[in-house]
Amino acid sequence: MPQKPITEQEAFAALQAGNEKGLDLFFNRYYSPLVFYATSLTNQKEVAKEIVAEAFVKLWAKKEAIEECGKVKPLLYKIVHDASVDFIREKEKSIKRAANLRIISNTIERSSLDALIEVETYNQLYLLLQNLSPRSRQIFRMFYFQKKAIKEIATELNISVNTVKTQKLRAIQTLKKYQSSLYLTVLYSLIFI
Amino acid sequence: MKESSNSHDENLKKADRVAYLIAGHLNGTLTNPEQDELDDWITESDENLELFEKLTDEDNIEAGIQQHIQMEKEKAAELERVKETIGIRKRSTIKKLWPYLVAASVILLAASTYVIKNNNNDKEIEKPFARTTKNDVSPGSDKAVLTLSDGRTIILDSNQKSLIANEGNISIKQSGNGEIIYDGTDDAMKYNVVSTPRGGQYKLVLGDGTKVWLNAESSLKFPAGFASSERTVELHGEGFFEVAKNKDKPFTVKIITPYGDGGFVKVLGTTFNVNGYNDEGSVKTTLIEGSVSVSKGTANKLIRPGEQAIVSDEIKVAKAEIDEETAWKDGKFLFRDASVYSIGEQIKRWYDVEVEYQGKNVQLFNTEANRNVPLKELLDGMAGTGLVHFELEGRKLIIKP
């Protein structure tokens with residue numbers, strides 16, 4: 001299936017026009033990191049999934065009021081953040097332990113930023129890895145994440161040292177290209193005909 | 001108090017930038033100035049250093065990426081659910097979206113863990129349950145009663161390790177760890193019954209090699225040797241079956257509920273769990289592998305691994321939560337979004353206590369615990385949320401909001 005690149009701008013226009021393809025694009029781009037984020041905050045994946053699904057329902061309801069394309073992502077994160085905090089507060093309230101409440105509340109903001117950094121880091125790594133062939137992805141993981149030596153990788157995969165080097169180089173080139181494209185906020189939709 | 005929108009946007013930008021630097025560092029794609037920028041951020045505070053170390057840990061990276069892969073798989077179904085709620089999709093069989101506030105009222109056990117985790121310096125965590133309770137109740141254990149075909153009864157407990165009886169040419173032995181084994185063949189169909197009391201469980205190896213785990217307050221009637229062309233057993237309560245394969249002799253479980261006939265489960269060789277306690281007026285058969293046919297009266301359905309047949313007046317087939325249904329067999333309690341009533345029923349049978357419900361108990365709980373813990377320990381976690389209260393007097397447990 002050929003990938004048809006659609007810019008976030010086009011997706012935004014579709015969203016505002018009430019075209020569900022616009023929703024598809026934003027959903028595909030942000031669903032996983034948002035669930036990851038809400039899970040970090042609430043500690044509960046099932047709750048996180050509900051919160052995120054609800055956030056997209058809200059996005060749809062508010063679509064005409066969004067000023068520009070660049071506001072979609074912050075809006076989604078904001079809705080999910082607030083809903084997660086509401087959930088935690090609701091939980092605190094029911095736990096009814098005044099003495100402990102303050103301490104929890106103080107940790108929310110710090111952990112919210114940490115959670116954002118965490119989700120963005122792993123999301124970027126995930127997206128980058130998706131752009132590699134399975135073989136270079138494997139080599140890449142072994143080299144950068146597991147910190148294995150090139151020789152060690154070559155022995156383990158039963159390939160030559162040169163092949164490992166070439167694959168690694170190719171992976172880096174792909175990643176550099178991809179990383180710069182991230183800044184152009186290009187979305188690749190995988191689900192279109 | 002919520003943050004202002006601006007500070008949230010700033011957080012997001014900051015997070016994006018730091019994430020870009022850390023991801024780039026891991027990938028080896030950072031330029032020198034970018035590396036310096038990252039170093040500055042790391043040395044800015046102990047928290048930053050700690051976070052950096054956490055995010056670059058090999059196991060955490062793997063888990064983070066795996067979690068993304070998992071969510072990518074669930075994405076399509078979730079998008080359908082959202083569209084259905086919005087109204088751009090016709091209603092389908094897909095689970096409707098709950099407003100998250102409903103989810104918010106679903107208070108989970110993790111709530112108490114959360115409090116404790118974030119309050120290392122707080123030494124005065126109250127245990128509401130402990131406060132209202134004077135005694136405790138120990139958990140159930142391996143015990144059962146065997147009734148032989150001539151009416152003699154033998155008390156089974158896990159300490160015995162010996163030949164305990166013979167039925168014709170069949171020897172009945174105990175292995176010493178809560179298990180009774182039938183060995184040998186005999187043409188006469190002599191029926192035996194193994195019954196567990198409340199607070200008891202037992203494992204059987206039948207004459208054909210089929211293994212059966214019997215949960216508390218359950219019983220199994222079976223022939224000592226399967227001489228006829230069919231293998232038929234009768235179950236009250238709950239049993240987990242690993243049926244020995246024999247395509248010439250189908251294996252049938254006849255289920256008897258407190259309300260009478262609970263239908264049949266017919267198999268050739270497979271693994272499944274049958275829950276006929278009938279608390280909710282139905283018999284639940286959960287298939288782990290192979291295939292089974294479930295019937296009641298003239299109705300008949302074939303279920304596949306991972307599915308559950310719920311038999312009442314009709315037979316419904318749904319996706320099963322296998323680990324939840326079979327946790328008991330592995331010595332665990334596993335509750336997901338479980339009402340206090342369904343939790344109470346399991347407590348009643350395993351701890352052999354009477355359970356009384358007071359008030360309106362609407363909360364749902366998620367919890368996992370070993371079945372060998374004293375009752376108080378099991379309840380403390382749930383009581384810690386403050387959403388449910390327990391009072392235990394002797395062997396009577398009162399549950400109220």
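Each remark here, short or long, concerns the structure printed above.
Before going into details, it helps to say that this report is about the structure given with it. As the structure is a prediction and not an experimental result, all values here were calculated from the model. Each residue is numbered by its place in its chain's sequence as written, counting from 1. A letter from A marks each chain and a number from 1 marks each ligand, given out in the order of writing. Where local features are concerned, this predicted model is filtered to residues with pLDDT of at least 70; where side-chain atom pairs are given and counted, the filter is 80 or more; whole-chain, interface and lining totals use all residues. Calculated side-chain values reflect all of the structure's heavy atoms, with hydrogen atoms and water omitted.

As for the pattern of salt bridges
Right, on to step 1. Within this document, salt bridges are pairs made up of a side-chain nitrogen of Lys or Arg and a carboxyl oxygen of Asp or Glu, the two lying within 4 Å of each other. Per the counting criterion, the structure on display carries 26 salt bridges over all chains.
Right, on to step 2. One salt bridge connects Asp16 of chain B with Lys73 of chain A, and the closest N-O pair in it is separated by 2.9 Å. Of this pair, Asp16 of chain B sits in helix α1 (residues 5-27) while Lys73 of chain A sits in helix α4 (residues 72-95), each in a different chain.
Right, on to step 3. Residue class for Asp16 of chain B comes out partly exposed when judged on its relative accessible area of 22%.
Right, on to step 4. Here Lys73 of chain A falls in the buried class, since its relative accessible area comes to 13%.
Right, on to step 5. A salt bridge links Glu72 of chain B to Lys75 of chain B; the shortest N-O distance between them is 2.8 Å. Here the residue Glu72 of chain B and the residue Lys75 of chain B both occupy positions in helix α4 (residues 58-86), the gap between them amounting to three residues, near one helical turn.
Right, on to step 6. Where salt bridges share partners, they join Glu20 and Asp24 of chain A together with Lys83 of chain B into one cluster. Numbering of helices and strands runs from the N terminus, with a helix taken as a DSSP run of H or I at least four residues long and a strand as a DSSP run of E at least two residues long. Categorising residues by exposure relies on relative accessible area from a 1.4 Å probe, with only protein chains included: less than 20% of the type maximum marks a residue as buried, more than 50% marks it as exposed, and the intermediate range marks it as partly exposed.

Quick look at the nonpolar core
Right, on to step 1. Judged by nonpolar contacts, the single largest core of 70 residues is most densely connected at Phe56, Ile117 and Phe145 of chain A together with Ile22 and Trp41 of chain B.
Right, on to step 2. Should any heavy atoms of two residues lie within 4.5 Å, those residues are counted as being in contact. Each residue touching Ile117 of chain A, except ones within four places of it in the same chain, is listed here: Ala15, Val18, Ala19, Ile22, Trp41, Leu51 and Leu55 of chain B.
Right, on to step 3. The term nonpolar core refers to a set of buried residues drawn from Ala, Val, Leu, Ile, Met, Phe, Trp, Tyr and Cys, joined through side-chain atoms within 4.5 Å. Ranked by size, the runner-up nonpolar core spans 40 residues in total, among them Leu156, Leu206, Val253 and Val311 of chain B.

A word on the packing of helix α3 (residues 45-62) of chain A against α4 of chain B
Right, on to step 1. Helix axes use the C-alpha atoms of the stretch in contact, all axes being lines fitted to C-alpha atoms, and the angles between their N-to-C directions lie in the range 0 to 180 degrees. Interhelical geometry of α3 of chain A versus α4 of chain B gives an angle of 45 degrees and a closest axis separation of 10 Å. What the angle tells us is that α3 of chain A and α4 of chain B run oblique. Handedness of the crossing formed by α3 of chain A with α4 of chain B: right-handed. Here Lys45, Lys49, Glu50, Ala53, Phe56, Val57 and Trp60 of chain A of α3 of chain A come into contact with α4 of chain B, specifically with Gln70, Met71, Glu74, Glu78, Arg81, Val82, Thr85 and Ile86 of chain B. Roughly parallel refers to an angle under 35 degrees, roughly antiparallel to one over 145, roughly perpendicular to one between 65 and 115, and oblique to any angle outside these ranges. Note on convention: near helix rotated counterclockwise from far helix by under a right angle means a left-handed crossing. Clockwise means right-handed.

With respect to the sheet that holds strand β22 (residues 389-393) of chain B
All names here are of chain B.
Right, on to step 1. The mixed open sheet is built from three strands, whose spatial order is β20-β23-β22. At either end of the open sheet lies a strand with only one pairing partner, and these are β20 (354-357) and β22. Averaged over neighbouring strand pairs, the angle between their axes works out to 20 degrees when direction is ignored.
Right, on to step 2. Note that β22 and strand β23 (residues 396-400) share five bridges and pair antiparallel. Looking across to β23, one finds that Leu392 is bridged to Leu397. By the convention used here, strands pair only if DSSP detects at least 2 bridges between them.

Some words on unusual backbone geometry
All names here are of chain B.
Right, on to step 1. For Glu217, which is not a glycine, the phi torsion comes out positive at approximately 50 degrees.
Right, on to step 2. Structurally, the position occupied by Glu217 is in the loop between β8 (211-214) and β9 (219-223).
Right, on to step 3. By relative accessible area, which is 36% here, Glu217 ends up partly exposed.
Right, on to step 4. At Asp352, a residue that is not glycine, the phi angle is positive and equals roughly 55 degrees.
Right, on to step 5. Looking at the secondary structure, you find Asp352 in the loop between α9 (340-351) and β20.
Right, on to step 6. By relative accessible area, Asp352 is classed as partly exposed at 33%.

Digging into the packing of aromatic side chains
Right, on to step 1. Each pair of aromatic rings taken from Phe, Tyr and Trp, with Trp reduced to its six-membered ring, is defined by centres within 6.5 Å and is described as stacked if the planes are under 30 degrees apart, edge-to-face if over 60, and tilted in the remaining cases. Considering all chains together, one arrives at 13 aromatic pairs over all chains under this definition.
Right, on to step 2. Taking 5.4 Å as the distance between ring centres and 50 degrees as the angle between the ring planes, the aromatic pair formed by Tyr37 of chain A and Tyr77 of chain A counts as tilted. Linking Tyr37 of chain A in helix α2 (residues 20-42) with Tyr77 of chain A in helix α4, this pair joins segments that are 40 residues apart in sequence.
Right, on to step 3. Using a relative accessible area of 1% as the deciding quantity, one classes Tyr77 of chain A as buried.
Right, on to step 4. On the basis of an interplanar angle of 20 degrees and a centroid distance of 6.2 Å, the ring pair of Phe333 of chain B and Tyr351 of chain B is categorised as stacked. With Phe333 of chain B in strand β19 (residues 332-339) and Tyr351 of chain B in helix α9, this pair connects stretches of sequence that are 18 residues apart.

Worth remembering: the numbers are spatial, not functional.
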